Amino acid sequence: EAGVVQSPRYKIIEKKQPVAFWCNPISGHNTLYWYLQNLGQGPELLIRYENEEAVDDSQLPKDRFSAERLKGVDSTLKIQPAELGDSAVYLCASSLSRAAEAFFGQGTRLTVV
Amino acid sequence: GENVEQHPSTLSVQEGDSAVIKCTYSDSASNYFPWYKQELGKGPQLIIDIRSNVGEKKDQRIAVTLNKTAKHFSLHITETQPEDSAVYFCAASIGKAAGNKLTFGGGTRVLVKP
């Protein structure tokens, strides 16, 4: 069974440019998470979806970050415009439900120059 | 909100020795404590977890202990092997489920020397 798939693996953009990350969760997983991981630190939750509904987005900087999960399957996370401080790894995870183990993807490493 | 401190930040052990990583948390309402292993270029992988109604849990060479009174929990790896080299994260959350907001520690980079 395929795990959580994220793309791209790496992205380098200039500051003030937009960028988008894509996540395909494990088939049948209703809960989807986006995490931010700065270098040398633990992941921090940005947003959690239950199916297509964002149930926890309190940590998402809404002035520049947006996310969607149309049809409750794939999800995209967008940053517009990107800032130098956004350079980090963006991790996507999914679980069968909020009561189940979360499986992480390999992440997208973003570098803003 | 919850704050999780993790120590040490780096740990170097000889193959076959034991490794211990310690975490403390601030919110006494936290009751779910997972540990994740992250290898280079990969996402975190759950290796063991413990809930607040249990004091200790073992899975082969890995064990976790929890002291709710002191608000700290530890990961113990016995008979370490080179493939145990990775970054390990502890986490804590309020609620029974992984779906509740997990607060992660800063990570421990473990190096097992052959």
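Residues numbered from 1 in each chain as written. Chains lettered and ligands numbered in written order. Predicted model: local features only at pLDDT ≥ 70, side-chain atom pairs only at ≥ 80, totals over all residues. Heavy atoms only, no water.

Caption draft 1: Just the overall build of chain B, in detail. Check the secondary structure of chain B and you find 0 helices and 11 strands. Listing every helix and strand of chain B by position from the N terminus yields β-β-β-β-β-β-β-β-β-β-β. The globule rule puts the C-alpha radius of gyration for 114 residues at 13 Å, and the 13 Å found for chain B is close to it. For the C-alpha atoms alone, the extent of chain B along its principal axes is close to 40 × 30 × 20 Å. (Helix = DSSP H or I, 4+ residues; strand = E, 2+ residues; numbered from the N terminus. Rg over C-alpha atoms; globule rule 2.2 N^0.38 Å.)

Caption draft 2: Examining the interface of chain A and chain B more closely. Each partner contributes to the interface: chain A provides 21 residues, whereas chain B provides 17 residues. Each partner contributes to the roughly 1400 Å² buried at the junction of chain A and chain B, and carbon and sulfur atoms together form 52% of this total. The largest share of the area that chain A buries against chain B comes from Pro 43, Arg 98 and Phe 104 of chain A, three residues that together contribute 29% of it. Taken together, the links from chain A to chain B amount to 0 salt bridges. Here chain A is connected to chain B by 3 residue pairs in polar contact (both at pLDDT 80 or more). Top contributing element to the side of chain A that touches chain B by residue count: strand 4 (residues 31-37) of chain A, with 3 residues. (Contact = heavy atoms within 4.5 Å. Buried area = accessible area lost by both parts, 1.4 Å probe. Salt bridge = Lys/Arg side-chain N within 4 Å of Asp/Glu carboxyl O. Polar contact = N/O pair within 3.5 Å; in protein donor to acceptor, adjacent residues only side chain to side chain.)

Caption draft 3: Examining the nonpolar core more closely. Counting 24 residues, the largest nonpolar core has Trp 35, Phe 73, Leu 75 and Tyr 88 of chain B as the members making the most contacts within it. In this structure, Ile 26, Tyr 49, Ile 79 and Val 112 of chain A belong to the second largest nonpolar core, which totals 22 residues. (Core = buried A, V, L, I, M, F, W, Y, C linked by side-chain atoms within 4.5 Å. Buried < 20%, exposed > 50% of the residue type's maximum accessible area, 1.4 Å probe, protein only.)

Caption draft 4: Region of the structure containing the sheet that holds strand 8 (residues 72-77) of chain B. Residues and elements named next belong to chain B. Sheet architecture is open: 5 strands sit in the order 1-3-8-7-6, paired in antiparallel fashion. Because the sheet does not close on itself, it has two edges, and the strands there are strand 1 (4-7) and strand 6 (56-59). The mean angle between the axes of side-by-side strands here comes to 15 degrees, regardless of whether they run parallel or antiparallel. As paired elements, strand 3 (residues 19-25) and strand 8 share 6 bridges and run antiparallel to each other. Residue pairing for strand 8: Ala 19 is matched across the bridge by Ile 77. (Pairing = 2+ DSSP bridges. Axes fitted to C-alpha atoms, helices over the stretch in contact; angles between N-to-C directions.)

Caption draft 5: View of the side chain of Gln 6 of chain B. Residues and elements named next belong to chain B. With respect to the helices and strands, the residue Gln 6 is situated in strand 1. Side-chain polar atoms of Gln 6 contact the backbone oxygen of Tyr 88, separated by 2.6 Å. Among the polar contacts made by the side chain of Gln 6, one reaches the main-chain amide nitrogen of Gly 107 at a distance of 3.0 Å. Sequence-distant contacts of Gln 6, defined by excluding residues within four places in its chain, comprise Ile 21, Lys 22, Cys 23, Trp 35, Tyr 88, Phe 89, Cys 90, Gly 105, Gly 106, Gly 107 and Thr 108.

Caption draft 6: Molecular detail of the packing of aromatic side chains. Evaluated as defined, the whole model comprises 12 aromatic pairs over all chains. Taking the centre distance of 4.8 Å and the plane angle of 45 degrees together, the rings of Tyr 25 of chain B and Phe 33 of chain B count as tilted. For the pair shown, Tyr 25 of chain B and Phe 33 of chain B are each scored as buried. For the ring pair Phe 89 of chain B and Phe 104 of chain B, a centre distance of 6.4 Å and an interplane angle of 85 degrees mean the geometry is edge-to-face. Of this pair, Phe 89 of chain B sits in strand 9 (residues 86-92) while Phe 104 of chain B sits in strand 10 (residues 103-104), and the two are 15 residues apart along the sequence. Taken as a pair, Phe 89 of chain B and Phe 104 of chain B share a single burial class, namely buried. Pairwise contacts between aromatic rings join Tyr 33, Tyr 35 and Phe 104 of chain A together with Tyr 36, Phe 89 and Phe 104 of chain B into one cluster. (Phe/Tyr/Trp six-rings, centres within 6.5 Å; stacked < 30°, edge-to-face > 60°.)

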